[in-house]
Amino acid sequence: MSPLLACSGLTMRFGGLTALDALDISVGKGETIGLVGPNGSGKTTFFNVLTGLYKPSAGAVQLAEQDLFARSAQEIGRAGVARTFQRSRLMLDQTVFDNIALGALNRLDLSLLSALVLRGRFRRQLSELVERATALTRRFNPQIAANLFKPAGSFTMIDRRRIEICRALVGAPRLLLLDEPSAGMTHEETRALMDDLLAFREEMPDLAIVLVEHEMDVIRRISDRCIVLNFGKKIFEGPFDALIADREVQTAYLGGAQ
Ligand SMILES: Nc1ncnc2c1ncn2[C@@H]1O[C@H](COP(=O)(O)OP(=O)(O)OP(=O)(O)O)[C@@H](O)[C@H]1O
Ligand SMILES: [Mg+2]
C-alpha cells in the first residue's frame, strides 16, 4: 500500500544555504513519526515546505497520491495537512473559539455571499463549528470546553498548547505536524500533553502525526518510527532503540545537544 505522505528528493534552498537536502520521507496512515535533529537541521523548514509556507526548490510531495508539490497553503490544508507552530500563534485577546475557528477556514464557506445572502447556511456552519470545538476541547480538558468564549490568553500554558492542537485538528486533517509541542513546558505538563495525544490517537487511529521534539523521552513514548535530520539531510530512519545506538546520530545530535 502506498504511504499517506510521500516526499522524495525534497530540497529547499535559501540562497546559498541548503536547508532541506534531497529528503526522502514517507509517513503511513495512522503512523507517528518522531522527527529530531540539532538546531537548524531543517525540521521546521520541512513543516514550512509541507504546509506551503515556503515553495520547495526541488523534489516531489504527494499526499494520498495527490500532488502537493509547491501548492498553496490553502490547497494543502484542504488536502488534509494541519500543523502547530514552534512559537505559539494563538491570538491571546481573542476567544478560544475564534482561535479554533481559524483552523476550519479551509472547510467553511465563509464568502461574503454566504455570509450576507445565505445567512441560514452560515449560521448552521457556525453552530456545527461550535459543537466541534466543544467536543474537541472537551477531550483535552473539559475546562476549556466550558470556557470556549473566554480569551485564549486567560488559560495556562498547557491549555494554550491544547487549544493550538485543537485548532489544527478542527479541520479533520489526515496528517498532523506538531513542532515542539513541549517547548516552554515543565516535565509534568509535557507528560500530561503527551497523555492527551496518546489518548487522542486511539480515537483517531488513521491520523498520521509527525512530531518534532527535543525531549527524547517524548520521542520514545510516542513514535512508531524516528527520523533524524542533520544539515537538512536524513541521517537516520528507524526505531527509537536503534536511534539511540546509532553512531552518526550520537555524534551529530545526542552528544552535542545533551
Ligand atoms: N526563511 C528563511 N530564510 C533563510 N534561512 C532560513 C529560513 N528559514 C530557515 N532558514 C535556515 O534553514 C536552516 C534550518 O532551519 P530550521 O528552522 O528548519 O531548523 P530546525 O531544525 O527547526 O531548528 P530548531 O531545532 O532550532 O527549531 C537554518 O540554517 C535556518 O537558519
Ligand atoms: Mg524548528
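Check the entry above for the structure.
Note that the structure is a prediction, hence the values are computed from the model and not measured.

Cut-off values and rules
- Here the residue numbers are simple positions, counted from 1 along each chain's written sequence.
- Note on labels: chains are lettered from A, ligands numbered from 1, in written order.
- In view of the model being predicted, local features appear only for residues whose pLDDT reaches at least 70, and side-chain atom pairs are presented and counted only at 80 or more, with totals across whole chains, interfaces and linings using the full set of residues.
- As a rule here, side-chain values come from all non-hydrogen atoms in the structure, and water together with hydrogens is ignored.
- Each metal's donors comprise the N, O and S atoms found within 2.8 Å of it (within 3.2 Å for Na, K or Ca). Water is not part of the atom list, so some coordination spheres may appear incomplete.
- Helix numbering and strand numbering both begin at the N terminus, where a helix is a DSSP run of H or I of at least 4 residues and a strand a DSSP run of E of at least 2.
- When at least one non-hydrogen atom of a residue lies within 4 Å of a molecule or strand, that residue is treated as near it.
- Here a polar contact means two N or O atoms within 3.5 Å. Within protein one must be a hydrogen donor candidate and the other an acceptor candidate, and residues neighboring in sequence count only if both atoms are side-chain atoms.
- To measure how exposed things are, a 1.4 Å probe is used in the Shrake-Rupley method; for residues, cover is taken only from the protein chains shown.
- Put simply, the grid is 1 Å and covers the protein atoms alone, a cavity is a trapped set of points that fit a 1.4 Å probe, a pocket is an open set with protein on both sides within 12 Å along at least five of seven lines, and lining residues have an atom within 4 Å of a point.
- If over half the atoms of a molecule are within 2 Å of the grid points of a cavity or pocket, the molecule is regarded as sitting in it.
- In this classification, the charged set is Asp, Glu, Lys and Arg, the nonpolar set is Ala, Val, Leu, Ile, Met, Phe, Trp, Tyr, Cys and Pro, and all remaining amino acids, among them Gly, are polar.
- Contacts: residue pairs with any heavy atoms within 4.5 Å of one another.
- In this analysis, a patch consists of residues with relative accessible area above 30% that form no salt bridge, clustered at 9 Å for like charges and at 5 Å for the nonpolar side chains Val, Leu, Ile, Met, Phe, Trp and Tyr.
- What counts as a salt bridge is simple: a side-chain nitrogen of Lys or Arg found within 4 Å of a carboxyl oxygen of Asp or Glu.
- Paired strands are those between which DSSP finds at least two bridges.
- Every axis corresponds to a line fitted to the C-alpha atoms, with the helix fit spanning only the stretch in contact, and the corresponding angles, defined between N-to-C directions, vary from 0 to 180 degrees.
- Grid points are joined across faces, edges and corners, and a volume is the space filled by probe spheres set on the points.
- Residue ranges assigned to the domains are those given by an automatic or database domain assignment.

A.B. asks: Looking at this structure, I do not really get the coordination of the magnesium ion (ligand 2). What am I missing?
C.D. replies: Reference geometry at the metal: tetrahedral coordination by four donors gives ideal angles of 109.5 degrees; octahedral coordination by six donors gives 90 or 180 degrees. Each protein donor to the magnesium ion (ligand 2) is listed here as Thr-44 (OG1) and Gln-86 (OE1); together their distances run 2.0 to 2.2 Å. Note that Thr-44 is positioned in helix 1 (residues 43-50) and Gln-86 in the loop between strand 6 (81-83) and helix 3 (96-102), a separation of 42 residues in sequence.

A.B. asks: Explain the site of ligand 1 to me, please; I cannot follow it from the model alone.
C.D. replies: Near ligand 1 lie 15 residues; those nearest to it are Gly-40, Lys-43, Thr-44, Thr-45 and Gln-86. The separation between an oxygen atom of ligand 1 and a polar side-chain atom of His-214 is 3.2 Å. Relative to its unbound accessible area of 630 Å², ligand 1 is 65% covered by the protein chains. Among the detected pockets, ligand 1 sits in the second largest pocket. Counting residues per element, the ones that place at least two in the shell around ligand 1 are strand 2 (17-27) and helix 1. Here the residues of the shell around ligand 1 sort into 5 nonpolar, 8 polar and 2 charged.

A.B. asks: Sorry, what's going on with the side chain of Thr-137 here?
C.D. replies: Note on placement: Thr-137 falls in helix 5 (residues 119-140). If we skip the residues at most four places from it in the chain, Thr-137 touches Val-96, Ile-100, Pro-142, Ile-144, Ala-145, Leu-148 and Cys-166.

A.B. asks: Mind showing me how you'd approach a nonpolar patch on the surface here?
C.D. replies: On the surface, Phe-14, Leu-17, Leu-53 and Tyr-54 cluster together into a nonpolar patch covering about 360 Å² of accessible area. Among the structural elements, Tyr-54 can be located in the loop between helix 1 and strand 4 (58-63).

A.B. asks: Explanation requested: the sheet that holds strand 9 (residues 225-230) in the structure shown.
C.D. replies: Within a beta sheet, neighbouring strands are joined by backbone hydrogen bonds and run either parallel or antiparallel to one another. Across the sheet, 6 strands lie side by side as 6-7-8-3-9-10; this open sheet has mixed pairing. Where the open sheet ends on each side, the last strands, each with one partner, are strand 6 and strand 10 (233-238). Strand-to-strand twist of the sheet, defined as the mean angle between neighbouring strand axes without regard to direction, takes the value 20°. Each of strand 3 (32-36), strand 6, strand 7 (175-179), strand 8 (208-212) and strand 9 is contacted by helix 1, which is oriented at about 145° to strand 7, the strand it contacts most.

A.B. asks: Would you explain empty space enclosed by the protein in this entry?
C.D. replies: Rolled over the atoms, a probe as big as a water molecule pinpoints where empty space is left. Throughout the structure, instances matching the rule amount to 2 cavities of 30 Å³ or more. In this structure, the largest cavity encloses a volume near 50 Å³. Of the residues belonging to the lining of the largest cavity, the class tally is 9 nonpolar, 1 polar and 1 charged. Here the second largest cavity defines a volume of roughly 40 Å³. Looking at the second largest cavity, the residues that line it are Thr-84, Phe-85, Arg-161, Glu-164, Ile-165, Asp-179, Glu-180 and Pro-181. Class assignment for the residues of the lining of the second largest cavity results in 3 nonpolar, 1 polar and 4 charged. Here the lining of the second largest cavity gathers at least three residues from each of two domains, domain 1 (1-80 + 173-258) and domain 2 (90-172).

A.B. asks: Is there a simple way to think about the layout of surface pockets in this case?
C.D. replies: Here the second largest pocket is characterised by a volume of approximately 220 Å³. What lines the second largest pocket is a set of 15 residues, and nearest its centre among them are Asn-39, Gly-40, Ser-41, Gly-42 and Lys-43. Mapped onto the lining of the second largest pocket, the elements with two or more residues apiece are strand 2 and helix 1. Each residue belonging to the lining of the second largest pocket can be placed in one class, and the counts come to 3 nonpolar, 10 polar and 2 charged.

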